[in-house]
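The chain contents come next:
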Amino acid sequence: MRGLKAMLWEASVLDPNEGIRFHGLTIPDCQKVLPPAPGGKEMTAESMLWLLLTGRVPSPSESRQLSAELAEKGQLPALPNTLHPMTQLGMGVAALNHDSVFQAAYERGIKKSEYWTYTLEDCLNLVAKLPALAARIYRNVYYPEKSIAPIDTNLDLVGNYSNMLGFGNNEHLTEYLRLYIALHGDHEGGNASAHTSHLVGSTLSDPYISYSAALFALAGPLHGLANQEVLRWQMAMQKEIGDNVTPENIKEYLWKTLKSGQVVPGYGHGVLRNPDPRFIALQEFCKTRPELQASPMIQLVQQTAEVAPDVLKEHGKTKNPYPNVDATSGCVLYHYGLTEFKYYTVIFGVSRALGALTQLVWARALGLPLERPKSYSMDALEKLIKT
């Protein structure tokens, strides 16, 4: 992606000849006009921040006011026990880099052609540790009084994960998690978490650092939180419709959602233009399970999937009116007793490691370069269009 004109970056533009400009100001310009600290001569970080945020050179008093505000906000809090599970997962994965074999080998000095072997070892180690880390977070947040089962070498990866979560006796949930984690393992490289992992990995950060960055991308509402939104929406529909579920009632609720300016969660996709094969696979799983077929929530998901595409086509604002994997994935977790919404993205994070870490190994094996697309400010884009 080197040099590819792919990003809007409003605050600065890098010229190959004269260097960086911040809202049109060169470094010498900034040194002349940005206020220094009282008694100092060099421009301050606060005055640069003011310029980057506003496009305007601050006065000395404005710069000092910002300094005071930052100083007031700068005290570090203790880590709360209510810290979001995804934040804990990202921090935990990053902390595991203490034992990175790639980092140790790189510091020792290795051939570029050997990068992939140490990366592979790190990736396998991380995949192996993720279930225990994710289960510990679940127990710490929701059931701190309960101990975690030890890893059983006779169980598969997800069998151990389910057991450590406390669902080892729930064979239905364990089987569902096996399917869920395998299906969510990879979805090409353009999605936010996969691309983040690849981008950070292109700097030769070790797999732990690279994948921790991916997890923080996955935590965003527009990415990894989708199945939670679907579940909330379906539960709200269920509450409003009650037991009298008909195609007409579902259609009315769909239109109510759309007319309120909201999207119908779990439908459409940034790439797909047909029903998501992952959704179909999960629905096939549901059809083989009598307990799921008897579930009012799963029945509502299935009925909604039959009604929603025609409504969305009539609405005319989506390129893909069909259900994606999120339309059902969280609802099945909820049915089987894993009811803590905020934790669902952690399961997604355990799964997505399979693909993101695979790509890191291949990137090192193929010697892929540092990713460095070209960015433009709005002014630069306007000039580019005019020419």
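Anything mentioned here points back to the structure above.
Residues numbered from 1 in each chain as written. Predicted model: local features only at pLDDT ≥ 70, side-chain atom pairs only at ≥ 80, totals over all residues. Heavy atoms only, no water.

Details of the overall build of the protein
Phase 1 of the analysis: A count of helices and strands for the protein gives 18 helices and four strands.
Phase 2 of the analysis: Its C-alpha atoms put the protein at 75 × 55 × 45 Å along the principal axes.
Phase 3 of the analysis: Expressed as a percentage of its 387 residues, the buried residues of the protein come to 43%.
Phase 4 of the analysis: Across the protein, every contact between residues at least 6 apart in sequence was considered, and the portion connecting residues at least 24 apart equals 71%.
Phase 5 of the analysis: In the protein, 35 side chains carry a positive charge and 38 a negative one; their mean positions are 5 Å apart. (Helix = DSSP H or I, 4+ residues; strand = E, 2+ residues; numbered from the N terminus. Buried < 20%, exposed > 50% of the residue type's maximum accessible area, 1.4 Å probe, protein only. Contact = heavy atoms within 4.5 Å. Lys, Arg positive; Asp, Glu negative; His and termini not counted. Charge placed at Lys NZ, Arg CZ, Asp CG, Glu CD.)

Details of unusual backbone geometry
Most peptide bonds take the trans configuration, and most residues that are not glycine carry a negative phi.
Phase 1 of the analysis: A positive phi angle, near 55°, is found at Glu-188, a position not held by glycine.
Phase 2 of the analysis: Along the chain, Glu-188 falls in the loop between helix H8 (171-183) and helix H9 (192-201).
Phase 3 of the analysis: In this structure, Leu-204 takes a positive phi of about 70° despite not being glycine.
Phase 4 of the analysis: You can see Leu-204 is positioned in the loop between H9 and helix H10 (207-218).

Here we look at the side chain of Ser-210
Phase 1 of the analysis: With respect to the secondary-structure elements, Ser-210 resides in helix H10.
Phase 2 of the analysis: Engagement of the side chain of Ser-210 in a polar contact is seen with the backbone oxygen of Ser-205, the distance being 3.4 Å.
Phase 3 of the analysis: In this structure, Ser-210 is in contact with Ser-197, Val-200, Gly-201, Ser-205 and Leu-360, ignoring residues within four places of it in sequence. (Polar contact = N/O pair within 3.5 Å; in protein donor to acceptor, adjacent residues only side chain to side chain.)

A look at the packing of helix H4 (residues 85-95) against H10
Phase 1 of the analysis: Between H4 and H10, whose axes approach to 8 Å, the crossing angle comes to 170°. In terms of orientation, H4 and H10 fall into the roughly antiparallel class. Where H4 abuts H10, its residues Met-86, Thr-87, Leu-89, Gly-90, Met-91, Val-93 and Ala-94 lie against Tyr-208, Ile-209, Tyr-211, Ser-212, Leu-215, Phe-216 and Leu-218.
Phase 2 of the analysis: Of the residues that constitute the contact of H4 with H10, the class distribution is eleven nonpolar, three polar and no charged. (Axes fitted to C-alpha atoms, helices over the stretch in contact; angles between N-to-C directions. Parallel < 35°, antiparallel > 145°, perpendicular 65-115°, else oblique. Nonpolar A, V, L, I, M, F, W, Y, C, P; charged D, E, K, R; others polar.)

Structural notes on the pattern of salt bridges
Phase 1 of the analysis: The full count for this structure, using the stated rule, is nine salt bridges.
Phase 2 of the analysis: Linking Arg-178 and Glu-175 is a salt bridge whose minimum nitrogen-to-oxygen distance equals 2.8 Å. Residue Arg-178 and its partner Glu-175 are both found in helix H8; the two are separated by three residues, about one turn of the helix.
Phase 3 of the analysis: Arg-178 gets classed as partly exposed once you look at its relative accessible area, which sits at 29%.
Phase 4 of the analysis: Accessibility expressed as a relative area gives 35% for Glu-175, which makes it partly exposed.
Phase 5 of the analysis: Because the salt bridges share partners, they merge into one network encompassing Asp-156, Glu-175 and Arg-178. (Salt bridge = Lys/Arg side-chain N within 4 Å of Asp/Glu carboxyl O.)

With respect to empty space enclosed by the protein
Gaps between atoms show up when a probe of the same size as a water molecule is rolled over them.
Phase 1 of the analysis: Applying the stated criterion to the full structure yields one cavity of 30 Å³ or more.
Phase 2 of the analysis: Within the residue set of the lining of the largest cavity, elements represented by two or more residues are helix H6 (115-142) and helix H17 (344-365).
Phase 3 of the analysis: Ranked by the residues each element gives to the lining of the largest cavity, the list is headed by H6, at three residues.
Phase 4 of the analysis: Partitioned by chemical class, the residues of the lining of the largest cavity number seven nonpolar, no polar and no charged. (1 Å grid on protein atoms, 1.4 Å probe; cavity = no way out; pocket = protein on both sides within 12 Å on 5 of 7 lines; lining within 4 Å. Points joined across faces, edges and corners; volume = space filled by probe spheres on them.)

Considerations on the packing of aromatic side chains
Phase 1 of the analysis: Scanning all chains against the criterion turns up twelve aromatic pairs.
Phase 2 of the analysis: Relative to Phe-285, the ring of Tyr-176 lies with its centre 5.5 Å away and its plane at 50°, an arrangement referred to as tilted. Here Phe-285 lies in helix H13 (residues 277-287) and Tyr-176 lies in helix H8, a separation of 109 residues in the sequence. Side by side, Tyr-176 and Phe-285 carry an identical accessibility label, which is buried. (Phe/Tyr/Trp six-rings, centres within 6.5 Å; stacked < 30°, edge-to-face > 60°.)

Here's the deal with a nonpolar patch on the surface
Phase 1 of the analysis: Together, Leu-49, Leu-53 and Leu-70 give the surface a local cluster of nonpolar side chains, amounting to about 280 Å² of exposed area.
Phase 2 of the analysis: Its location among the elements puts Leu-49 in helix H2 (residues 45-54).
Phase 3 of the analysis: For Leu-49, a relative accessible area of 32% corresponds to the partly exposed category. (Patch = residues over 30% accessible without salt bridge, like charges linked within 9 Å, V, L, I, M, F, W, Y side chains within 5 Å. Areas by Shrake-Rupley, 256 points an atom, 1.4 Å probe, with all protein chains shown as cover.)

Examining the pairing of strand S3 (residues 19-22)
Phase 1 of the analysis: Pairing geometry for strand S2 (residues 12-15) and S3, over four bridges, is antiparallel. Across the sheet, the residue bridging to Ser-12 is Phe-22, located in S3. (Pairing = 2+ DSSP bridges.)

Some remarks on the layout of surface pockets
Phase 1 of the analysis: Here the largest pocket is characterised by a volume of approximately 1,100 Å³.
Phase 2 of the analysis: Of the residues belonging to the lining of the largest pocket, the class tally is 15 nonpolar, 16 polar and eight charged.
Phase 3 of the analysis: Within this model, the second largest pocket holds a volume of roughly 380 Å³.
Phase 4 of the analysis: Lining the second largest pocket are 19 residues, and of these Val-13, Ser-377, Asp-379, Ala-380 and Lys-383 lie nearest its centre.
Phase 5 of the analysis: Of all the secondary structure elements, the ones that give two or more residues to the lining of the second largest pocket are S2, strand S4 (374-376) and helix H18 (378-386).
Phase 6 of the analysis: Residues belonging to the lining of the second largest pocket are distributed by class as follows: seven nonpolar, five polar and seven charged.

Structural notes on the environment of Arg-232
Phase 1 of the analysis: Along the chain, Arg-232 falls in helix H11 (residues 226-241).
Phase 2 of the analysis: The class for Arg-232 is partly exposed, based on a relative accessible area of 36%.
Phase 3 of the analysis: When the C-alpha positions of Arg-232 and Leu-215 are compared, they lie 22 Å apart, and in sequence the two are 17 residues distant.
Phase 4 of the analysis: Of note is the side chain of Arg-232, whose polar atom sits 3.2 Å from the side chain of Glu-229.

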